[in-house]
Amino acid sequence: MSVTVQKFMPPQNSNQDPDQNSDVEIIKSNVQSSTLEKMRVVGGNALKGNIKISGAKNATLKHMCAALLTEDPVTLENMPVGLQDVRTLAEVLSHLGTMVGLRSDGVATLHAEAITSHTAPYDLVRKMRASVLVLGPLLARHGVAQVSLPGGCALGARPIDLHIKGLQAMGAEIELEDGYVKAVAPQGKLKGAEITFPLVSVGATENLMMAATLAKGTTILKNAAREPEIVDQGKVLIKMGAKIEGLGTPTITIEGVDKLHGTTHSILPDRIETGTYMCAVGLCGGELRLQNTRTDFLSALISPLHEAGMDIKQEGDDVIVRRNGAKLKGVDIMTEAYPGFATDLQAQFMTMLTLCEGAGMICETIFENRFMHVPELCRMGADISIRGNSAIIRGVEKLKGAEVMATDLRASVALVLAGLVAEGETVINRIYHLDRGYENIVEKLTNVGAQIERVKG
Ligand code: EPZ
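Everything numeric in this text was worked out from a predicted model, so none of it was measured. (Residues numbered from 1 in each chain as written. Predicted model: local features only at pLDDT ≥ 70, side-chain atom pairs only at ≥ 80, totals over all residues. Heavy atoms only, no water.)

Student: Which residues make up the sheet that holds strand 25 (residues 425-429), and what values go with them?
Tutor: Strand order in this open sheet of 4 strands is 24-25-3-26, and the pairing throughout is mixed. Among the strands making up the open sheet, the edge pair consists of strand 24 (403-405) and strand 26 (451-455). Here the strands of the sheet are splayed against their neighbours by 20° on average, with no regard to which way each runs. In terms of strand pairing, strand 3 (residues 38-42) meets strand 25 through 4 bridges, oriented antiparallel. Across the sheet, Arg40 pairs through a bridge with Val427, a residue of strand 25. Strands in contact with helix 12 (residues 409-421) are strand 3, strand 24, strand 25 and strand 26; relative to strand 3, the strand with the most contacts, it is inclined by about 30°. (Pairing = 2+ DSSP bridges. Helix = DSSP H or I, 4+ residues; strand = E, 2+ residues; numbered from the N terminus. Axes fitted to C-alpha atoms, helices over the stretch in contact; angles between N-to-C directions. Contact = heavy atoms within 4.5 Å.)

Given below as structure tokens:
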């Protein structure tokens, strides 16, 4: 197999190469889609065939940040190297001194031998909020960090106060100045602390868990997030020499160590991508074999899908998803922190309900503004009314193709799903959101019978 690699080198380049394979060719351009590119979907085909699920985006980004904690190389396998978010974070990390090699066979090497800058600038952070996850590792290893405040986004204000308060509890001196979080660990070292989160936050749990691995003493995180991606991150850190207990429970205990070392880790499958294709089958009918993924981390989605009338089962490393014949029944869900129903699957599930028999209700409890897809779905003929953080979806006979606008990653994919079942042609604008989180979506859907293509704006 011919393997290509994209290299992200620190500004003051060192002699080391993140990928020793001399047969590799450097990918010249990392831009997948321009802001003008659109997606054209012609609806009506049932889906049939195999889709290979990629490694989880929301684990990958955190594992990449964890590489800042050691001077040794960290190798990540099953990595969704085609995602724009991965490439953006590679830029941030290389800016800080990390050599990053992203290979087209899904193996990445990150080597932060020395931290050469402690600033994550606005220009990079604004492209992707997850960049704020360099704060904990930088402070822990380097004793100083300066990270641009990410600002609001389409989902709402999304503050990072819990990250900041947690680091302050660990002894960091933090100032917010000129749009930056400027943080210093006195004598270059954070100290252990007991931190109780007032609400469950994925990012704050991850940032503080990484920071605590190199702190002096023991840190206890209470009311911590329990997402499978956090458990996976904990596994990476443990392989790197960290001492962590309680992963997957609301209380995580981390005993700081002096140093972490390199490791190799294979990233868990993307449960949100898996769930997205399950909802696609719910809408379009047919049967998909989702390869290299699991059902156990999707119980909160699979149980309402069963209730609605779908057939889903694990077969070895694959998941078979089927809907033949009858329409789905309307069901109600509420988004919650894991193990509850994932907010990242809400838009896709809602799209599926647009064609259900009867009605379904969705209550969004995680983000204040995550119904941006609703007006677009209504333009395609859906019957949805919103009351505060709840939406009632009354099933209609059919959706009709239209020109629609994508607003964020999951809203974008929801519109793709709507297009797959709608009568006629749907054109989705601003599809660069999709490239942030869905690897090879056009190829994956085309292979199972969908009519979908990128078109120039
Ligand atoms: C992660 O975001 C995911 N992003 C999101 O996925 C996901 O929707 C979210 O977790 C919830 O599951 C990544 O993993 C990169 P949070 P994160 O901190 O960590 C509030 C996608 O589509 N909050 O758990 O930013 C916050 O405003 C993305 O892939 C504070 O008030 O989410 C929100 O209402 C979108 N203060 C709630 O907590 C803080 O300091 C949960 O946010 C932090 C969060």
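Student: Break down the pairing of strand 23 (residues 390-394) for me, citing the residues and quoting the values.
Tutor: Relative to strand 23, strand 21 (residues 359-363) is paired through 5 bridges, and the arrangement is antiparallel. By the bridge assignment, Ile362 is partnered in strand 23 with Ala391. Alignment of strand 22 (residues 383-387) against strand 23, held across 5 bridges, turns out to be antiparallel. Looking at the pairing, Asp383 lines up with Arg394 of strand 23.

Student: Tell me about the sheet that holds strand 9 (residues 144-148), and please be specific about residues and values.
Tutor: Taken together, 4 strands build an open sheet; the order of strands is 8-9-11-10 and the sheet is mixed. For this open sheet the edge positions go to strand 8 (119-120) and strand 10 (173-177), each flanked by a neighbour on one side alone. Direction of pairing for strand 9 relative to strand 11 (residues 180-184): antiparallel, over a ladder of 5 bridges. Its bridge partner lying in strand 11, Val144 is registered against Val184.

Student: How would you sum up the domain arrangement of the protein chain? Please name residues and give values.
Tutor: Partitioning the protein chain into structural domains gives domain 1 (35-53 + 270-456) and domain 2 (55-266). Its C-alpha centre places domain 1 at a distance of 30 Å from the equivalent point of domain 2. The interface of domain 1 with domain 2 comprises 24 residues on the first partner and 23 residues on the second. Among the residues of domain 1 in contact with domain 2, Tyr338, Arg436 and Glu439 are the three that bury the most area, contributing 32% of the side total. Remark: the boundary between domain 1 and domain 2 carries 2 salt bridges. Measuring nitrogen to oxygen at the nearest pair gives 2.8 Å for the salt bridge that ties Asp85 to Arg436. In this assembly, domain 1 and domain 2 are joined by 7 residue pairs in polar contact (both at pLDDT 80 or more). Those elements that provide at least two residues to the side of domain 1 that touches domain 2 are helix 12 and helix 13 (432-437). At 3 residues, helix 13 tops the list of elements feeding residues into the side of domain 1 that touches domain 2. (Domains from an automatic or database assignment. Buried area = accessible area lost by both parts, 1.4 Å probe. Salt bridge = Lys/Arg side-chain N within 4 Å of Asp/Glu carboxyl O. Polar contact = N/O pair within 3.5 Å; in protein donor to acceptor, adjacent residues only side chain to side chain.)

Student: Talk me through the state of the cysteines; I want residue IDs and the actual numbers.
Tutor: Inspection of every chain in the model, using the stated rule, returns 0 disulfides. Free cysteine: Cys284, not disulfide-bonded; nearest cysteine sulfur from Cys279 at 11 Å. There is no disulfide at Cys363, and the cysteine sulfur nearest it, in Cys356, is 17 Å away. Overall, Cys363 belongs to the buried group, its relative accessible area being 15%. (Disulfide = S-S within 2.5 Å. Buried < 20%, exposed > 50% of the residue type's maximum accessible area, 1.4 Å probe, protein only.)

Student: Lay out the site of the ligand in plain terms, naming residues and giving numbers.
Tutor: Close to the ligand lie 22 residues, the nearest being Lys62, Ser201, Asp344, Ile366 and Arg410. For the ligand, an oxygen atom lies 3.3 Å from a polar atom in the backbone of Pro159. In the model, an oxygen atom of the ligand is placed 2.6 Å from a nitrogen or oxygen of the Ile366 main chain. In isolation the ligand exposes 830 Å². Once the protein is present, 84% of that is buried. Residue assignment for the shell around the ligand shows that the elements contributing at least two residues are helix 1 (57-66), helix 5 (161-169), helix 6 (202-213) and helix 12. The residue makeup of the shell around the ligand, split by class, is 10 nonpolar, 5 polar and 7 charged. Two domains each donate at least three residues to the shell around the ligand, and these are domain 1 (35-53 + 270-456) and domain 2 (55-266). (Near = heavy atom within 4 Å. Areas by Shrake-Rupley, 256 points an atom, 1.4 Å probe, with all protein chains shown as cover. Nonpolar A, V, L, I, M, F, W, Y, C, P; charged D, E, K, R; others polar.)

Student: Residues and numbers for the packing of aromatic side chains, please.
Tutor: All told, the structure shown has 1 aromatic pair when counted by the stated rule. A centroid spacing of 5.3 Å and a plane angle of 75° characterise the contact between Phe341 and Phe349, whose relative ring orientation is edge-to-face. The class for Phe341 is buried, based on a relative accessible area of 3%. Among the residues examined, Phe349 registers a relative accessible area of 0% and is labelled buried. (Phe/Tyr/Trp six-rings, centres within 6.5 Å; stacked < 30°, edge-to-face > 60°.)

Student: If you had to explain the packing of helix 8 (residues 271-284) against helix 9 (residues 299-308) to someone new, which residues and values would you point to?
Tutor: The contact between helix 8 and helix 9 brings their axes to 11 Å, and the two run at 10°. Regarding the angle of helix 8 to helix 9, the classification is roughly parallel. Mapping the contact onto sequence places Gly275, Met278 and Cys279 in helix 8 and Leu301, Ile302 and Leu305 in helix 9. Looking at the contact of helix 8 with helix 9, its residues break down into 5 nonpolar, 1 polar and no charged. (Parallel < 35°, antiparallel > 145°, perpendicular 65-115°, else oblique.)

Student: With reference to specific residues and values, describe the nonpolar core.
Tutor: Counting residues in hydrophobic clusters, the biggest one holds 149 residues, and the most contacted among them are Val134, Leu190, Met278 and Phe349. The residue makeup of this core includes at least three contributed by each of domain 1 (35-53 + 270-456) and domain 2 (55-266). Excluding residues within four positions of it along the chain, Val134 makes contact with Cys65, Leu68, Val92, Leu93, Leu96, Ala120 and Val147. (Core = buried A, V, L, I, M, F, W, Y, C linked by side-chain atoms within 4.5 Å.)

Student: So, unusual backbone geometry: which residues are in play, and what are the values?
Tutor: In this structure, the amide linkage connecting Tyr338 to the following residue, Pro339, adopts the cis form with an omega of 10°. Of note in the backbone geometry, Asn292 takes a positive phi value of approximately 65° without being a glycine. Relative to the helices and strands, Asn292 is located in the loop between strand 17 (286-291) and helix 9.

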